[in-house]
Amino acid sequence: MQREDFLKPILHGERFRGHTVPLELLKDFSVLEEMLVEIAKWKYRQEHTDRERIQRNFANGIELQLAGVEDGSAKLAIVLAFSSSLLFPPDNVKYFKQARTEIVNAIALSADDRPQVLPSNYLSYFDRFGRGLRTGESIEFPHGDRTVTFDPEIRKKLIRSAQVEFWTEEAALRARIYEADQAHDSFEFELSDGTRAKARLDDKYRDPVLDAMKGYHHGAFVLIQGVVQRDRADRLKGFESIEHVTPLDSLDVTLRLEQIAALEDGWLDGKGIAPDREELNWLSNQFDEHFDADLPLPFLYPTAEGGIQAEWSLRGTEVSLEINLADKSAEFQALNLSDDTTTEFIFRLVEDDGWKKLNEALRLIENQKFEEPSSEI
Amino acid sequence: MKSDTLLLRQIHPGFVQNGRPTSQAFRPTLKDESQLSVYNGTLITAKASWHHYTETLSLESAGVMALSHAECVSEQLKVIEDPIPFPEHCSIDFSGLKKSEIDKKSKKLAAFAKARDWLFVR
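The rules we used
- Throughout this document, residue positions are counted from 1 along each chain, in the order its sequence is written.
- Think of it this way: whatever chain is written first is A, whatever ligand is written first is 1, and the rest follow in order.
- It should be noted that, the model being predicted, local features are given only for residues of pLDDT at least 70 and side-chain atom pairs only at 80 or more, the latter also being counted only at that level, while totals for whole chains, interfaces and linings use all residues.
- As a rule here, side-chain values cover all heavy atoms of the structure and leave hydrogens and water aside.
- By definition, any uninterrupted DSSP run of H or I lasting at least four residues is a helix, any uninterrupted run of E lasting at least two residues is a strand, and each is numbered from the N terminus.
- Working definition of accessibility: Shrake-Rupley area with a 1.4 Å probe, residue cover restricted to the visible protein chains.
- Counted as positive: Lys and Arg. Counted as negative: Asp and Glu, with His and the chain ends omitted from the count.
- For the purpose of locating charges, the reference atoms are NZ of Lys, CZ of Arg, CG of Asp and CD of Glu.
- Think of it in three bands: with a 1.4 Å probe and only protein chains considered, a residue is buried below 20% of the maximum accessible area for its type, exposed above 50%, and partly exposed in between.
- By arc we mean the arc of the directions from the helix axis to the C-beta atoms, nothing more.
- Two residues form a contact once any of their heavy atoms are found within 4.5 Å.
- In the analysis that follows, any N or O atom pair within 3.5 Å is treated as a polar contact, provided that within protein one partner can donate a hydrogen and the other can accept it, and provided that, for residues neighboring in sequence, both atoms belong to side chains.
- The rule for a salt bridge is simple: a side-chain nitrogen of Lys or Arg has to be within 4 Å of a carboxyl oxygen of Asp or Glu.
- Fitting a line to C-alpha atoms yields each axis, with helices limited to the stretch in contact; the angle taken between N-to-C directions then spans 0 to 180 degrees.
- An angle counts as roughly parallel when it lies under 35 degrees, as roughly antiparallel when it exceeds 145, as roughly perpendicular when it falls between 65 and 115, and as oblique in every other case.
- Each residue is assigned to one class: nonpolar for Ala, Val, Leu, Ile, Met, Phe, Trp, Tyr, Cys and Pro, charged for Asp, Glu, Lys and Arg, and polar for all the others, Gly among them.
- By definition, two strands form a pair when at least two bridges between them are found by DSSP.

A. Broad picture of the overall build of chain A. Regarding its fold elements, chain A presents eight helices and 16 strands. Its C-alpha atoms put chain A at 90 × 55 × 40 Å along the principal axes. Working note: accessible area of chain A is about 19,100 Å², and carbon and sulfur atoms make up 44% of it. Counting 46 positive and 71 negative side-chain charges, chain A places the centres of these two groups 8 Å from one another.

Rendered as structure tokens:
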């Protein structure tokens, strides 16, 4: 095989630190190759209007390969590889290069909210390319002497431009199962906000689905991970495919914060302020990332002032953490019920160190040797 | 008021997770102006207080928990019998306390109430 440098996209996000790329994201780049071939054919047809058909072997001997991950958050080195039986790169390579430019240009147009040039049937590939990107992650493409950023929001705009009826995305949804039809291998689920949809029941997750259905009236929730289908108004239509169904802890933090996010201003008999939804997402991600998995999960409640109060009852000690979502500060108070002593700290949850100190303070109570955490607070 | 008089507290549904109330339910909120409203349990049952609260006053309650007068006194909290806006109304007075003291006392009151368990659940 002969190889030629073709594209060096840079992946940004927590998952790509240490120059690594999750295997699940590689399938997105496989879609990129499909899109590239189809757009290259389109460019060929534009130049050869006299030909009705594309050569049957148009893409033969040409393929995209991942040659390595270079320095940077995770910089992919994608090369165009040609069959070693070819003495020179095939003529069609120029259409692949034009297709690359068209794809990056489509991303740039979307980022600038300008009209698309690519026909919608090619834009529809963005339904599958970029599907594995999570919130906060992006891919940076070189574009002439500048770069363009492709992220989940830009992807949504591109899909809208493609005017498809439905689009898909990878999702992890917390849901209750209210119905299962074993004869037709399907089940129906309900999200915290009341949205209901249907999915296929497969043997690999049949047991957790049926168990969750039995626990419906006791508030049993499961985490369903897979690819969801949405309509053009972003409404959930159902799961296209499911990878995992996992029972959730009754104190699951994300689920509880989703429930709190449904509150409206005035929720406390006309007076309570509803917590900001973006800030609740932030808190959910922070808990996921920083809260020690060995510690008991907290009970979570909204506060009248628009914050969140986490509480633990640990070995005769009542602990509260009143979180101000606006400035990310948290007032920690632990009351030992047997001797009435209290311990108080202020933690800064916007810093990793704030979470470390919280974990340490809780661990000290768990171990019943309550004293000031070793690090300075 | 006798020391064993139960003071009935309505718990807002937002202040309950998996049946556990937050200690916030036992401290005054912005609307309470340092006074925690309760019903005098010698004058009304837990169930009747819930009906009064949710139907006559049109306020939300997931159920009723209680503190005794003696428990409030043990936390140096004065209980005021103030039959306004209804005859069974009493207030637990948190005025003059710093926030950290209010938080501490609310934890103690919540612990007393949880030990007694729910008196009525909707």
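Having put the structure on the table, let's press on.
B. Focus on helix α4 (residues 152-161) of chain A. Residues and elements named next belong to chain A. Residues Ile154, Arg155, Leu158 and Ile159 constitute the buried set of α4. Axial view of α4: buried residues confined to an arc of 140 degrees, hence all on one face. The inward-facing, buried residues of α4 contact α2 (93-111), α3 (120-123), β6 (146-150) and β7 (166-181). Backbone nitrogen of glutamate 153 and a side-chain oxygen of the N-cap are separated by 3.1 Å at the start of α4; the cap is aspartate 151. The first or second residue beyond α4 is glutamine 163, which carries a positive phi of 55 degrees.

C. A look at the pattern of salt bridges. Within this structure, the stated rule accounts for 40 salt bridges over all chains. In this structure, Glu47(A) and Lys94(A) form a salt bridge, with 3.4 Å as the shortest nitrogen-oxygen distance. One end of the pair, Glu47(A), is in helix α1 (residues 23-47); the other, Lys94(A), is in helix α2, and 47 residues separate them in sequence. The exposure class of Glu47(A) is partly exposed, given its relative accessible area of 42%. As a salt-bridge pair, Arg160(A) and Asp234(A) come within 3.2 Å of each other at their nearest N and O atoms. Note that Arg160(A) is positioned in helix α4 and Asp234(A) in the loop between β10 (222-231) and β11 (236-247), a separation of 74 residues in sequence. It is possible to trace a salt-bridge network through shared partners that takes in Glu322(A), Glu331(A), Arg27(B), Lys99(B) and Asp103(B).

D. Here's a closer look at the packing of helix α6 (residues 253-261) of chain A against helix α7 (residues 277-290) of chain A. Residue and element names in this part refer to chain A. Where α6 contacts α7, the two axes come as close as 10 Å, and the packing angle between them is 170 degrees. Judged by the inter-axis angle, α6 sits roughly antiparallel to α7. Facing Val253, Thr254, Leu257, Ile260 and Ala261 of α6, the residues of α7 in contact are Arg277, Leu280, Leu283, Ser284 and Phe287. Considered class by class, the residues forming the contact of α6 with α7 number seven nonpolar, two polar and one charged.

E. Expanded view of the sheet that holds strand β14 (residues 317-324) of chain A. The five strands lie next to each other as β12-β13-β14-β15-β16 (chain A), forming an open sheet whose pairing is antiparallel. Of all strands in the sheet, those with a lone pairing partner are β12 (299-302) and β16 (342-348) of chain A, marking the two edges. Put simply, the sheet's adjacent strands are angled 20 degrees from each other on average, direction ignored. Note that β12(A) and strand β13 (residues 308-314) of chain A share four bridges and pair antiparallel. Counterpart to Phe299(A) in the pairing with β13(A) is Glu311(A). Lying over the sheet, helix α3 (residues 99-116) of chain B contacts β13, β14, β15 (329-336) and β16 of chain A, oriented at roughly 50 degrees with respect to β15(A).

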